[in-house]
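# Examining the three-dimensional arrangement
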Amino acid sequence: PSGVRYGNMLELVREQVRNEGLGEGWPKRIERWALRGLVPHRRRLRWAMTLLRIAQRLRLDRAALPLLPMALRELHGALPEIPPASERRRPPRLTPAVGEKRGTVGFLVGCVMPEIFGSINAATVRVLAHNGFDVVVPEAQACCGALHAHAGDLEYARGLALRNIEAFGSAAVDAVVTNSAGCGAAMREVGEWLPGRGDELAAMVRDVSEFLDAEGIREPTGRIEARVCYDDPCHLIHGQRVEASPRRLLGAIPGLELVAHADPGSCCGAAGTYNLTHREMSLAVLDRKLETLVAAAPDFVATGNPGCLMQLRGGAERLGLAAEVVHPVELLDRAYRNAG
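Residues numbered from 1 in each chain as written. Predicted model: local features only at pLDDT ≥ 70, side-chain atom pairs only at ≥ 80, totals over all residues. Heavy atoms only, no water.

## Notes on the overall build of the protein
Short version of the rule: Under the scheme used here, helices are H or I runs from DSSP no shorter than 4 residues and strands are E runs no shorter than 2 residues, and both carry numbers assigned from the N terminus. Throughout this description, buried means an accessible area under 20% of the type-specific maximum (1.4 Å probe, protein chains only), exposed means over 50%, and partly exposed covers the range between. Every residue pair with non-hydrogen atoms within 4.5 Å of one another is taken to be in contact. Methods summary: accessible areas were calculated by the Shrake-Rupley approach with a probe of 1.4 Å, and residue burial reflects only the protein chains presented.
Each helix and strand in the protein was counted, giving 19 helices and nine strands. A total of 340 residues make up the protein; the buried ones form 51% of that total. At a minimum sequence separation of 6, the contacts of the protein that also span at least 24 residues come to 79%. Summed over all atoms, the accessible surface of the protein reaches about 16,100 Å², with 56% contributed by carbon and sulfur.

If you want it as structure tokens, here you go:
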């Protein structure tokens, strides 16, 4: 039935499994250490990503592969290339609206997004500002808690949610916008994680594509002559019921041809940390989707979730697919910036 919240049910089951001490192999221990000790801590994560970038630039990560257990060697294939520090900056606390102001939004920067997809965050802020919105980035905001909830650590996820309730609640914004489907789905469940305390924040959360589509965008004047396949993140199409909005935004870009492929709504295999803990099965799921993308022969594949972006980029590189994998807001940003 469509009214059953399977994701929420699974999170509760995983929490119970975790509390009972089941499934406690070393991958789960590493996952728990990373999710509690690294991901939600901005400075620690920044240092870890900086060290990983240095290792990648010097190819030390590849040199160490023969010394690692097979499981860790497989995980190496899921690691993205870390961008330079110039692309890993948090957006400013306030970006003023361009032209006539239409409202004020809060922006959830995320934990992984600034370190791996900082350019997408920057594009999102530019697009929101271009469309007449002041963009506020509360300094006290926290990780959304999605990865923790998926891993069964709802206790920690609730603590993060409390911080976001306070941070965005005191920011005086009309909506809380996110460019990560997984973050948006988690934030919309805050009312269920914290009944009576999280309802207001949950009701304010909007995916950037959903928000811009509902508010109406300023018409792009720059052209992008390209074929684009849009691929639905599970947490957006199933978790938030947002399907048409990203397609309408992409369709508004002059010159862009939106090309359907045969498998847009199925999982790409990323599924939170599933592609790390169940690598072989994850790649099998991904390969089915890549077959349909290869057949469509796009110039770009657009999707709106960091896990999906990493999964599809890795798969495209492995198969030699020439298409660039991007976030929809990046294409909209290019159209605005290419004007004139």
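## Some points on the pairing of strand β3 (residues 133-136)
Quick note on the threshold: Strands pair, by our definition, only if DSSP identifies at least two bridges between them.
Alternating residues of β3 divide into Phe133 and Val135 and Asp134 and Val136, and every residue in both groups is buried. Across two bridges, the pairing between strand β1 (residues 94-95) and β3 is antiparallel. For Leu94, the partnering residue across the bridge sits in β3 and is Val136. Relative to β3, strand β2 (residues 103-107) runs parallel, the two sharing four bridges. Pairing of Thr104 across the sheet is with Asp134, part of β3.

## Side note on the packing of helix α7 (residues 118-130) against helix α13 (residues 208-215)
Rule in force here: Axis definition: a line fitted to C-alpha atoms, limited for helices to the stretch in contact. Angles are taken between N-to-C directions and run from 0 to 180 degrees. Every angle not falling under 35 degrees, over 145, or within 65 to 115 is termed oblique; those three ranges are roughly parallel, roughly antiparallel and roughly perpendicular. In this scheme the handedness of a crossing depends on how the near helix is turned from the far one: anticlockwise by less than a right angle means left-handed, clockwise means right-handed. Gly is put with the polar residues, along with every residue not named as nonpolar or charged; the nonpolar set is Ala, Val, Leu, Ile, Met, Phe, Trp, Tyr, Cys and Pro, and the charged set is Asp, Glu, Lys and Arg.
Viewed as axis vectors pointing N to C, α7 and α13 meet at an angle of 10 degrees, and their least axial separation amounts to 12 Å. In this view, α7 runs roughly parallel relative to α13, as classed from their interaxial angle. Seen from above, α7 lies across α13 with left-handed handedness. Where α7 approaches α13, its residues Thr124, Val127 and Leu128 are matched on the opposing element by Val208, Phe211 and Leu212. Grouping the amino acids of the contact of α7 with α13 by side-chain chemistry returns five nonpolar, one polar and no charged.

## A look at the sheet that holds strand β4 (residues 175-178)
Read from one edge to the other, the open sheet built from five strands follows the order β1-β3-β2-β4-β5, with strand pairing classed as mixed. In this open sheet, the two edge strands, each paired with only one partner strand, are β1 and β5 (205-207). Strands in contact with α13 are β2, β3, β4 and β5; relative to β5, the strand with the most contacts, it is inclined by about 90 degrees.

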